[in-house]
Amino acid sequence: MDLTTLAVFIPACFALNMAPGPNNLLSISNASRYGFVRACSGGVGRLLAFAIMIALAAVGLTAVLHTSELLFLGIKLVGAGYLFFLAVQLWRAQPETDSDAVMTSMSVASLARQEFLVAIGNPKAILLFTAFLPQFVDRSGTVTQQFAVLGGLFLALECVAIGLYCYMGIYARRLFARPSGKRLFNRMCAGLLASAASFLLVARRA
């Protein structure tokens, strides 16, 4: 792949990585409750989901989502339902329990599973890879190899985005140090996750 293509792809890709989607909002919430390192480590689940999506895009299987309204609707409903579930849990969380003991109560594996389910339950994210990545693929070259390079760059930039959003969560935890502030922050995050679920419900196929 030539440098000109990469010079266009990288900033455009990073803009997508930094968009405040459900997973990035989840990283802010998890970092504020469980700490920076634990929340960043949980982001592995999101990376795994995105890697699966990129692989599907590379072999063309996501074209099924463009033609199957039922499959798209099913994934959308499951994904939105899980986001609503997380929003309710966060809304009902007791800020008095956000102590160091509770910060270690949720394992990295649980956070990773949470990130994975949020990512894999968003059909628009799957379609994004089929709409975005192919624009930078030279059909005269080895398509699979180019998808691997572009996908690897996307995942690397996603790691940066995870770190930045987790840092925002740590900053927010310090900003809302009192129980009343923690409750307000938790409910703000819950509202944003519920909003993301609502947008997902009304999303249409590209």
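Quick caveat: nothing in here was measured; it's all calculated off a predicted structure.

What counts, and at which threshold
Residues numbered from 1 in each chain as written. Predicted model: local features only at pLDDT ≥ 70, side-chain atom pairs only at ≥ 80, totals over all residues. Heavy atoms only, no water. pLDDT = per-residue confidence, 0-100. Helix = DSSP H or I, 4+ residues; strand = E, 2+ residues; numbered from the N terminus. Contact = heavy atoms within 4.5 Å. Salt bridge = Lys/Arg side-chain N within 4 Å of Asp/Glu carboxyl O. Buried < 20%, exposed > 50% of the residue type's maximum accessible area, 1.4 Å probe, protein only. Axes fitted to C-alpha atoms, helices over the stretch in contact; angles between N-to-C directions. Parallel < 35°, antiparallel > 145°, perpendicular 65-115°, else oblique. Left-handed = near helix turned anticlockwise from the far one by under 90°. Nonpolar A, V, L, I, M, F, W, Y, C, P; charged D, E, K, R; others polar. 1 Å grid on protein atoms, 1.4 Å probe; cavity = no way out; pocket = protein on both sides within 12 Å on 5 of 7 lines; lining within 4 Å. Points joined across faces, edges and corners; volume = space filled by probe spheres on them. Core = buried A, V, L, I, M, F, W, Y, C linked by side-chain atoms within 4.5 Å.

A closer look at the confidence of the model for the protein chain
If pLDDT is low for a region, its predicted coordinates should not be looked at in detail.
Thinking step 1. Summary statistics for the protein chain give a mean pLDDT of 78 and a share of 75% for residues scoring 70 or more.
Thinking step 2. Confidence, read as mean pLDDT per element, is least for helix 7 (residues 100-103) in the protein chain (48) and greatest for helix 3 (residues 36-42) (94).
Thinking step 3. The low-confidence segment residues 98-102, where pLDDT is below 50, has five contacts with residues more than four positions distant or belonging to other chains.

Section: the pattern of salt bridges
Thinking step 1. Considering all chains together, one arrives at two salt bridges under this definition.
Thinking step 2. With a closest N to O distance of 3.0 Å, Arg46 and Glu115 form a salt bridge. A residue pair is termed long-range when its members are at least 10 positions apart, and Arg46 in helix 4 (residues 44-59) and Glu115 in helix 8 (residues 108-120) qualify at 69 residues.
Thinking step 3. Given a relative accessible area of 0%, Arg46 falls into the buried group.
Thinking step 4. Among the residues examined, Glu115 registers a relative accessible area of 1% and is labelled buried.
Thinking step 5. Taking the shortest distance from any N to any O, the salt bridge between Arg46 and Glu158 comes out at 2.6 Å. With a gap of 112 residues between them, Arg46 in helix 4 and Glu158 in helix 10 (residues 143-175) connect regions that are remote in the sequence. Note on accessibility: Arg46 and Glu158 belong to one class, buried.

Side note on the packing of helix 2 (residues 22-34) against helix 10
Thinking step 1. Contact geometry of helix 2 with helix 10 gives a least axis separation of 7 Å together with a crossing angle of 45°. Between helix 2 and helix 10, the interaxial angle falls into the category oblique. Like other packed secondary-structure pairs, helix 2 and helix 10 cross with a definite hand, here right-handed. Packed against helix 2, whose contacting residues are Asn24, Ser27, Ile28, Ala31 and Ser32, the element helix 10 presents Glu158, Ile162, Tyr165, Cys166, Met168, Gly169, Ile170 and Arg173 at the interface.
Thinking step 2. For the contact of helix 2 with helix 10, a count of residues per class yields seven nonpolar, four polar and two charged.

Some remarks on the packing of helix 2 against helix 8
Thinking step 1. At a closest axis distance of 10 Å, the pairing of helix 2 and helix 8 adopts a crossing angle of 160°. With respect to their mutual orientation, helix 2 and helix 8 come out roughly antiparallel. In this structure, helix 2 crosses over helix 8, and the sense of that crossing is right-handed. Side by side, helix 2 and helix 8 meet where Pro22, Asn23, Leu26, Ser27, Asn30 and Tyr34 of the first sit next to Leu111, Gln114, Glu115, Val118 and Ala119 of the second.
Thinking step 2. Class assignment of the residues belonging to the contact of helix 2 with helix 8 gives a composition of six nonpolar, four polar and one charged.

Let's talk about the layout of surface pockets
Thinking step 1. Estimated volume of the largest pocket: approximately 350 Å³.
Thinking step 2. Lining the largest pocket are 18 residues, with Leu16, Gly21, Phe50, Ala125 and Leu128 sitting closest to its centre.
Thinking step 3. Elements with a contribution of two residues or more to the lining of the largest pocket: helix 1 (3-18), helix 2, helix 4, helix 8, helix 9 (123-132) and helix 10.
Thinking step 4. Take the lining of the largest pocket: its biggest share by element is four residues, from helix 9.
Thinking step 5. Surrounding the second largest pocket, Leu26, Ser29, Asn30, Arg33, Tyr34, Phe85, Leu86, Gln89, Leu90, Met106, Gln114 and Leu193 form its lining.
Thinking step 6. When residues of the lining of the second largest pocket are traced back to their parent elements, those giving at least two are helix 2 and helix 6 (69-92).
Thinking step 7. With five residues, the single largest contributor to the lining of the second largest pocket is helix 2.
Thinking step 8. Here the residues of the lining of the second largest pocket sort into seven nonpolar, four polar and one charged.

Overview of the nonpolar core
Thinking step 1. One finds Phe9, Phe50, Phe129 and Leu133 to be the most contacted residues of the largest nonpolar core, which totals 19 residues.
Thinking step 2. Among the elements of the structure, helix 1, helix 4, helix 9 and helix 10 are those that each provide at least two residues to this core.
Thinking step 3. By residue number, the principal contributor to this core is helix 4, which donates five residues.
Thinking step 4. Setting aside residues up to four positions removed in sequence, Leu133 forms contacts with Phe9, Ile54, Leu128, Phe147 and Leu150.

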